[in-house]
Amino acid sequence: MSEVKKYDICIIGGGITGTALGYFLCKLGKTSVAIFEKSYLSSGSTGRCAGGIRQQWSTRPNVRLAMRSVKLFERFKEDVGMDIEYKQGGYLVLSYSEEEAEQFEKNVKMQREEGLNVEILTPKQVSERYPYINTEGLVMATFCQTDGHANPHKAVIGYAQAIRRMGGQIYTHTEVKNIDVANGKVIGIDTTAGYFACDIVVNASGPWSNEVSKLVGVDLMTESYRHQILVTEPLENFFPMMAISFSGNFYMRQTLHGQFIMGQGDKDEKPGLNFNVTYKFEKELANKMVKIFPFLKHVRIIRHWSGMYNMSPDAQPIIGASEKVKGYYYAVGYSGHGFMVAPAVGEALAELIVFGKTLHTDISYLDIKRFEGQVLEREKNVV
Amino acid sequence: MVRHVKALVVGSGPAGLTGAIAIAESVGDGKDVVIIDEGIEPGGQLPKQTHKFFGHEGFYASVRGFEIGNLLVKKVKSLGVEIIQQATVTGIYEDVITVYDRVNNIVNEYLADYLLIATGATEKFLAFKNNTLPGVYGAGAVQTLMNQYKVLPGQSFLIVGAGNIGLIVAYQLVQAGAEVKAIVEASSRVGGYAVHANKVKRLGIPILLRHTILEAIGKDKVRGAVVAEIDERFKPIPGTEKEFVVDAICLAVGLQPNVELVAQTGAKLVYIPELGGYVPLRDENMRTTVHNVFVAGDLAGIEEATTAMIEGYIAGYNIAQELTGKSFKEKIEKMKKELEEFRRGPFSKKVRDGLKKMGIVFPEGGYMEEQQIDKGPLGKLRAVIECPQAIPCNPCETSCPTGAINVGGNINGIPQIDYTKCIGCGVCVMKCPGLAIFMIQEKDEYSLVGIPYELLPIPSNGTKVKLLDREGKDVADGEVDHVALNNKGKTHIVFLKVPKGFEDVVRSFRILAKSEEFICRCEEITKEDIERVIDMGITDYEELRRVLRIGMGPCGGKTCRTLTLQILSEKTGRPVSEIELGAYRPPTMPTPFEAVVKSVLTENSEVSENIPGGVKDE
């Protein structure tokens, strides 16, 4: 019988979280790493997301995590070796409610304390700056120039290429069937490509996070919800920022290629994996967006798809090491904003695995322990 | 304060520079000579000339114009001659010569014992509708922008005039990456050298004889041009109008001597159309009717750079003779002999006729006119010369290491090659300023044709190309066998594999443009693009789609999906049936927001529970 293949660390999920983690582990010298992806790279949430990179969050730790991520995105091309169309075109956050606007004032104060340069704009200032936006009903807006966007799929490919160069392994079209636990400790995984021994398993499976976690009997309290998104034909580039509204329930940006990519949330969506699309979404979004962005009226929609938000109870990610099963880590429940924090999370989690503690960013507040009988501070800035 | 110099040279083109060299060398001190020049750098038109010059090696034949300029300027400076740039001689008054120094914004006064005026020529313009639109340029301006300031003034050109300047600019524009749609020429034949014309024709640029420009199209800038055929009286023939979509029109319709200054000296002007119009009357020593005023170069009669240099020397030695009282007769006679040799050919007929009207006689003829018919022994790697006109040029002869090429007793002779001596080294191909020498070798399965090549990128071995004939027409498919690089002279030889029987047909090639191989037409993605990404290890259709944007255009992948799957199959060895097809996403045709908004108004926006729509694409 041939010898059992062994990796120190097996990562489940070939999206942005798994590949970022794999990249930082390899950079720290841990090259005995393998990523297992049941389909193709970025086939889950990453390849379906809009690619926004935002630092304007309502809680202080999230702002810090996002700011670290932006530092790493700024260096992505040099560090990782791939042009991911990263552009710091800013995030224009539009508020259509007095209550939310009040909260924004507080958020901006906190964000500025963290060293983030955020502007507060009146509706008049918004229409002066962006004459193509109809500001009817707008209460206020905030703008942060160093926010931006990038091409998520290229980021995954960039990380994956770097992992391969450094000696890590990536298995695509390979599904993890079981996680082998003995004496309360991870010892291997069983996959469609055979059995692999390992010391550590990291769950970075996005939409499938709780199903995967059930393999080791740990409930991560996550649920996946469908979110739909559409893209238009390309126009000349004139819209550098991501425009987003929580109270207005939409987001939109123009890609480097010129297309407008946009989406909204749906309160009626039921939990569960569903990759279908509805025309209802197109109608609702079209109606709303044409009012706010009248130039869209004659622009044509060319593609519409859906992806999953892997939601946690407080709309913040769940990241850490399991106390119940030794060697089992998870980085899940991103609630729709996994791409933008992935570099900082990948770095922090790699440090946690290699050194037992984080060096650059504190992510202890994201541990699942926060749900044990505490009052949760829900992240409000989510579409 | 008035500055007094022994010799003042106006203009630092080839004539002014050689004149200054002759004076400074002979007088033994360069500080007695000052050159005043309008340009930002010395050399006149030379810095704008990127092509190799004709002539013989004594006058820098086969050296590129800007390099000749550098050599002459270096020589002038080493002799201690001062060149004052960005300064214009604004008047030759009774009392002083005024020089407007544009750098310091001051008019300086000069006195000179001798004046050598070498102010060259100005371009003629052409009257046609909308000729003031931005985008209408003289050829000199195009060359200045493109070759001196490194700015390409347009992407797509129409050139008016098929003299040497029009032909050369067309070639330089292609080298710089622009497109030349056509060259129109009012006369019934090409005025420039046949070798220059052949160079542009085989690039596929049509030369429309008996055509002229009628109109520039555009409101704020040139967006096109209307040309038409003309009759014997140069009148446009109705119904023959053609439109070209261009963003620049380049006029190369001739030059006229720049006589303003020489006229102010009191020198007599005469009207001689063969020399370009009004020219200063002068003797064979280049002296005008004013004793201490000499002229040289295009001012003395429109010609070309080599003769300008020779005239500069003749004028310079004559000035030196008078300044020093010594005789430089021997040097002067040698230069006159050179001029005589250069001017024997058919292209100098106009100049000879013009000078005759001044009483200066140059002999003609005395060179080999016969074209070689023998193309050499089959199977041997050898040079084939296609230089059909008697032009004053001989670098092929002087560069041949075995002495196989001979232009005869006079430099205007048509070269003949002795195939018993040709060793197929290709040196002449790289040297020929007219790019008129090719290499040929017949092989068993195919033949090799070597093409002189001065464009970028230099194709790599194995590159698939379209083979073109002398008119730039596609005649067959071929590939690059190998490239003989010439890093010094920059004329490389691209050896093409051509089908048997095409040795005498193929004289150019075209690297297949991307547009000919698009797989995804919406996003303009080629097979090569797809293969490159597959080679990176990206072997899923959905991944290819996201990296390359293939199938992400308005058509939604209607034509490219299957083609891409086939390429994936070829590259990975997996059958198409085993490759994941990827998702089909709505809408299947681009749908305006407006149309979607309207449907909200007329339809129930509830999601139907009955239609099992949607595609599983996980």
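Just so you know, these numbers come straight off a predicted model, no measurement behind them. (Residues numbered from 1 in each chain as written. Chains lettered and ligands numbered in written order. Predicted model: local features only at pLDDT ≥ 70, side-chain atom pairs only at ≥ 80, totals over all residues.)

**Regarding the overall build of chain A**
Within chain A, the regular secondary structure consists of 9 helices and 18 strands. Considering chain A as a whole, with its 383 residues, one finds that 54% of them fall into the buried category. (Helix = DSSP H or I, 4+ residues; strand = E, 2+ residues; numbered from the N terminus. Buried ≥ 20, exposed ≤ 12 C-beta atoms within 10 Å, placed from the backbone.)

**Quick word on the confidence of the model for chain B**
Residue and element names in this part refer to chain B. Averaged over every residue, the pLDDT of chain B is 92; residues scoring 70 or more account for 96%. At the level of individual helices and strands, chain B shows its lowest average pLDDT in helix 15 (residues 593-602), which scores 78, and its highest in strand 19 (residues 293-295), which scores 98. Scored below 50 in pLDDT, residues 603-618 makes 13 contacts in the model with residues more than four places away or belonging to other chains. In the predicted assembly, ipTM is 0.87 and pTM is 0.60. (pLDDT = per-residue confidence, 0-100. Contact = placed C-beta atoms within 7 Å.)

**Thoughts on the sheet that holds strand 26 (residues 474-484) of chain B**
Residues and elements named next belong to chain B. In space, the 7 strands of this open sheet follow the order 20-23-24-27-26-25-28, with antiparallel pairing throughout. Each edge of the open sheet is held by one strand with a lone partner, namely strand 20 (382-385) and strand 28 (508-511). Across the sheet, the axes of successive neighbouring strands diverge by a mean angle of 40°, strand direction being ignored. (Pairing = 2+ DSSP bridges. Axes fitted to C-alpha atoms, helices over the stretch in contact; angles between N-to-C directions.)

**With respect to the sheet that holds strand 10 (residues 179-185) of chain B**
Residues and elements named next belong to chain B. Taken together, the 5 strands give an open sheet; going across it, the order is 8-15-9-10-11, and neighbouring strands pair in parallel fashion. The strands lining the two open edges of the sheet, one partner per strand, are strand 8 (136-138) and strand 11 (207-209). Geometrically, the sheet is characterised by an average inter-axis angle of 20° between neighbouring strands, direction not taken into account. When strand 9 (residues 156-160) meets strand 15 (residues 248-251), the two strands line up parallel, connected through 4 bridges. Directly across from F157, in strand 15, lies its bridge partner A248. Those strands touched by helix 3 (residues 139-148) are strand 8 and strand 15, and its axis lies near 90° from that of strand 8.

**Quick notes on the nonpolar core**
Ranked by internal contacts, the top residues of the largest apolar core, which has 128 residues, are C10(A) and M289(A). In terms of residues, this core owes the most to one element, helix 9 (residues 338-355) of chain A, which gives 10 residues. Of all hydrophobic cores here, the second largest spans 114 residues; its members include V9(B), L255(B), Y317(B) and F509(B). (Core = buried A, V, L, I, M, F, W, Y, C linked by C-beta atoms within 7 Å.)

**Notes on helix 8 (residues 329-342) of chain B**
Residues and elements named next belong to chain B. Here helix 8 is 14 residues long and its end C-alpha atoms lie 20 Å apart, about the 20 Å a rise of 1.5 Å per residue gives. Residues I332, M335, E338, E341 and F342 constitute the buried set of helix 8. Contacts made by the buried residues of helix 8 are with helix 7 (305-324). (Expected span 1.5 Å × (residues − 1).)

**A short note on the interface of chain A and chain B**
The interface of chain A with chain B comprises 31 residues on the first partner and 28 residues on the second. Sorting the residues of the side of chain A that touches chain B by element identifies helix 6 (152-166), helix 8 (279-292) and strand 16 (300-311) of chain A as the ones contributing at least two each. Residues belonging to the side of chain A that touches chain B are distributed by class as follows: 13 nonpolar, 10 polar and 8 charged. Two strands pair when backbone bridges link them, and strand 16 of chain A and strand 31 (residues 591-592) of chain B are joined in this way by 2 bridges, in the antiparallel orientation. Each bridged residue has a counterpart across the sheet, and for R300(A) the counterpart in strand 31 of chain B is P592(B). (Nonpolar A, V, L, I, M, F, W, Y, C, P; charged D, E, K, R; others polar.)

**A word on the environment of I310(B)**
All names here are of chain B. Relative to the assigned elements, I310 resides in helix 7. On a C-alpha basis, the gap between I310 and G297 in space is 8.5 Å, while along the polypeptide they are 13 residues apart. Apart from residues no more than four positions distant in its own chain, I310 is found in contact with M335, E338 and L339.

**Considering the pairing of strand 14 (residues 250-254) of chain A**
Consecutive residues of a regular strand have side chains that alternate between opposite faces of the sheet. Residue and element names in this part refer to chain A. Of all 5 residues making up strand 14, 5 are buried, and the element is well covered by its neighbours. The alternating pattern of strand 14 places F250, M252 and Q254 and Y251 and R253 on opposite faces, both of which are buried. Between the end of strand 13 (residues 242-245) and the start of strand 14, which pair antiparallel, lie 4 residues, with N249 showing a positive phi angle near 60°. Joining the antiparallel neighbours strand 14 and strand 15 (residues 259-264) is a turn of 4 residues, in which G258 adopts a positive phi near 110°.

**Focus on helix 1 (residues 16-27) of chain A**
All names here are of chain A. For helix 1, with 12 residues, the first-to-last C-alpha span of 16 Å sits near the 16 Å given by 1.5 Å per residue. Summarising burial for helix 1: 11 of the 12 residues are buried, a large majority. Those residues of helix 1 not exposed but buried are I16, T17, G18, T19, A20, L21, G22, Y23, F24, L25 and C26. One or two steps after helix 1, the chain reaches G29, where phi turns positive at roughly 95°.

**Regarding the pairing of strand 16 of chain A**
Residue and element names in this part refer to chain A. Along strand 16, 9 of the 12 residues are buried, which leaves the element largely enclosed by surrounding structure. For strand 12 (residues 223-234) and strand 16, the ladder comprises 10 bridges, and the chain directions are antiparallel. Counterpart to I229 in the pairing with strand 16 is W305.

**Concerning the environment of G14(A)**
Residue and element names in this part refer to chain A. Within the secondary structure layout, G14 lies in the loop between strand 1 (5-12) and helix 1. Among the residues examined, G14 registers 32 C-beta atoms within 10 Å and is labelled buried. Sequence separation between G14 and K38 is 24 residues; the distance between their C-alpha atoms is 8.1 Å. If near-sequence neighbours (up to four positions away) are discounted, G14 is found in contact with T19, I35, E37, L41, S42, I170 and T172.

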